[in-house]
Amino acid sequence: MTRNEGVVLKGTGGVWHVRADSGETHEASLRGRLKQERKEDRKLAVGDRVVLEIDERGVHWAIAEILPRHSKLARREPGAGQGERIVAANVDQVVVVFSAAKPEPHRRMLDRFLVIAEGNSLQSRIVINKIELVDKAETERAFSDYVAAGYPVHLTSVKQRVGLDELHDQ
């Protein structure tokens, strides 16, 4: 069997798309023994680094091992559960993107995302896009509390190519 390492890009219906370190993307299933493990920290998530194996015929790929994570983005299990649901693994930072208008930014949702990131000890930054639709100074004032709290806030316009270079450099 050929072994290869890679990162999980997405998964649906038991089929996981894994980008191998060599650059190719493979569809792979989870090995039976890994499916049997019910511990949350062993469940596969987007961003996990894994070991891939291909069968002896060179046709089917399987995820043979989930490698240790350096970080995770998780939220509490819905309902009365005490556990957590892992949203993504090996996250370096959280970038929360909202539009300045059309639709209007939802502050409570922004706050919730920031709380989840803080709860996972992840650095966050805020991107407010579509600033061509609003008064820039007023938008800066509206988000000044987040700047005061230590969050980097980036005002951007994809349409007018404003603020994107500064954001990219971060």
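Summarised in this report is the structure supplied together with it. Each chain has its residues counted from 1, running along the sequence as written. Whole-chain, interface and lining totals are the exception, using all residues; otherwise, since this is a predicted model, local features are given only for residues with pLDDT of at least 70 and side-chain atom pairs are given and counted only at 80 or more. Working from all heavy atoms in the structure, the side-chain values ignore hydrogens and water.

### Brief notes about the overall build of the chain
Stage number 1. Under the DSSP-based scheme used, a helix requires at least four consecutive residues in state H or I and a strand at least two consecutive residues in state E, with every element numbered from the N terminus. Check the secondary structure of the chain and you find five helices and ten strands.
Stage number 2. Any two residues whose heavy atoms approach within 4.5 Å are treated as being in contact. At a minimum sequence separation of 6, the contacts of the chain that also span at least 24 residues come to 54%.
Stage number 3. Each accessible area is a Shrake-Rupley result for a 1.4 Å probe, and residues are judged covered by the shown protein chains and nothing else. With an accessible surface of roughly 10,800 Å², the chain has 49% of that area assigned to carbon and sulfur atoms.

### Observations concerning the pairing of strand 3 (residues 25-30)
Stage number 1. By the convention used here, strands pair only if DSSP detects at least 2 bridges between them. Bridge count between strand 2 (residues 15-20) and strand 3: four bridges; the pairing is antiparallel. What sits directly across from Arg-19, in strand 3, is Thr-25.
Stage number 2. The turn joining strand 2 and strand 3, which pair antiparallel and follow one another in sequence, is formed by four residues; a positive phi near 110 degrees is taken by Gly-23.
Stage number 3. In terms of strand pairing, strand 3 meets strand 5 (residues 61-66) through three bridges, oriented parallel. Bridge pairing links Ser-29 to Ala-62 in strand 5.

### Notes on the nonpolar core
Stage number 1. To form a nonpolar core, buried Ala, Val, Leu, Ile, Met, Phe, Trp, Tyr and Cys residues must be joined to one another through side-chain atoms within 4.5 Å. Type-normalised accessible area, obtained with a 1.4 Å probe on protein chains alone, sets the label of each residue: buried when under 20%, exposed when over 50%, and partly exposed for intermediate values. Counting residues in each nonpolar core, the largest one holds 18 residues, and the members touching the most others are Val-94, Leu-110, Leu-114, Ile-126, Ile-128 and Tyr-146.
Stage number 2. Looking at this core, the elements with two or more residues in it are strand 8 (93-99), helix 2 (107-119) and strand 9 (123-129).
Stage number 3. Among the nonpolar cores identified, the runner-up in size contains twelve residues, and Ala-28, Leu-44, Ile-54 and Ile-63 belong to it.

### Topic: the side chain of Ser-71
Stage number 1. Among the structural elements, Ser-71 can be located in the loop between strand 5 and strand 6 (72-76).
Stage number 2. In protein, a polar contact means a hydrogen-donor-capable atom and an acceptor-capable atom, both N or O and within 3.5 Å, with residues adjacent in sequence counting only if both atoms are side-chain atoms; elsewhere, any N or O pair within 3.5 Å suffices. Looking at Ser-71, its side chain comes within polar contact range of the side chain of His-70, at 3.5 Å.
Stage number 3. Aside from chain neighbours lying at most four places away, what touches Ser-71 is Ala-89, Asn-90, Val-91 and Leu-122.

### What about the sheet that holds strand 8?
Stage number 1. As summarised here, the arrangement of the three strands in space is 8-9-10, forming an open sheet in which the pairing is parallel. Only two strands of the sheet have a single partner each, and these edge strands are strand 8 and strand 10 (153-155). Taking the axes of each pair of neighbouring strands and ignoring which way they run, one obtains an average angle of 20 degrees across the sheet.
Stage number 2. Note: strand 8 against strand 9, seven bridges, orientation parallel. Residue pairing across strands places Gln-93 opposite Gln-123, the latter belonging to strand 9.
Stage number 3. Axes, fitted as lines to C-alpha atoms, cover a helix only where it is in contact. Angles between the N-to-C directions of the axes lie from 0 to 180 degrees. Relative to strand 8, helix 2 is tilted by about 175 degrees, and along the sheet it contacts strand 8 and strand 9.

### Focus: the pattern of salt bridges
Stage number 1. Here, a salt bridge means any side-chain nitrogen of Lys or Arg that lies within 4 Å of a carboxyl oxygen of Asp or Glu. Counted by the stated rule, this structure contains six salt bridges.
Stage number 2. Between Asp-21 and Arg-49 there is a salt bridge whose closest N-O contact spans 2.8 Å. Of this pair, Asp-21 sits in the loop between strand 2 and strand 3 while Arg-49 sits in strand 4 (residues 49-54), and the two are 28 residues apart along the sequence.
Stage number 3. A salt bridge links Asp-55 to Arg-57; the nearest nitrogen and oxygen atoms lie 3.5 Å apart.
Stage number 4. Under the relative-accessibility criterion, Asp-55 is labelled buried at 15%.
Stage number 5. Taken together, the salt bridges that share partners define one network made up of Glu-5, Asp-21 and Arg-49.

### Considerations on unusual backbone geometry
Stage number 1. A cis amide bond links Lys-102 with the next residue in sequence, Pro-103, at an omega value of 5 degrees.
Stage number 2. Positive phi, normally seen in glycine, also occurs at Asn-90, with a value near 55 degrees.
Stage number 3. By secondary structure assignment, the location of Asn-90 is in the loop between strand 7 (84-89) and strand 8.
Stage number 4. The exposure class of Asn-90 is buried, given its relative accessible area of 17%.
Stage number 5. Positioned with a positive phi, Lys-102 is a non-glycine residue whose angle comes to about 55 degrees.
Stage number 6. By the element assignment, Lys-102 lies in the loop between strand 8 and helix 2.

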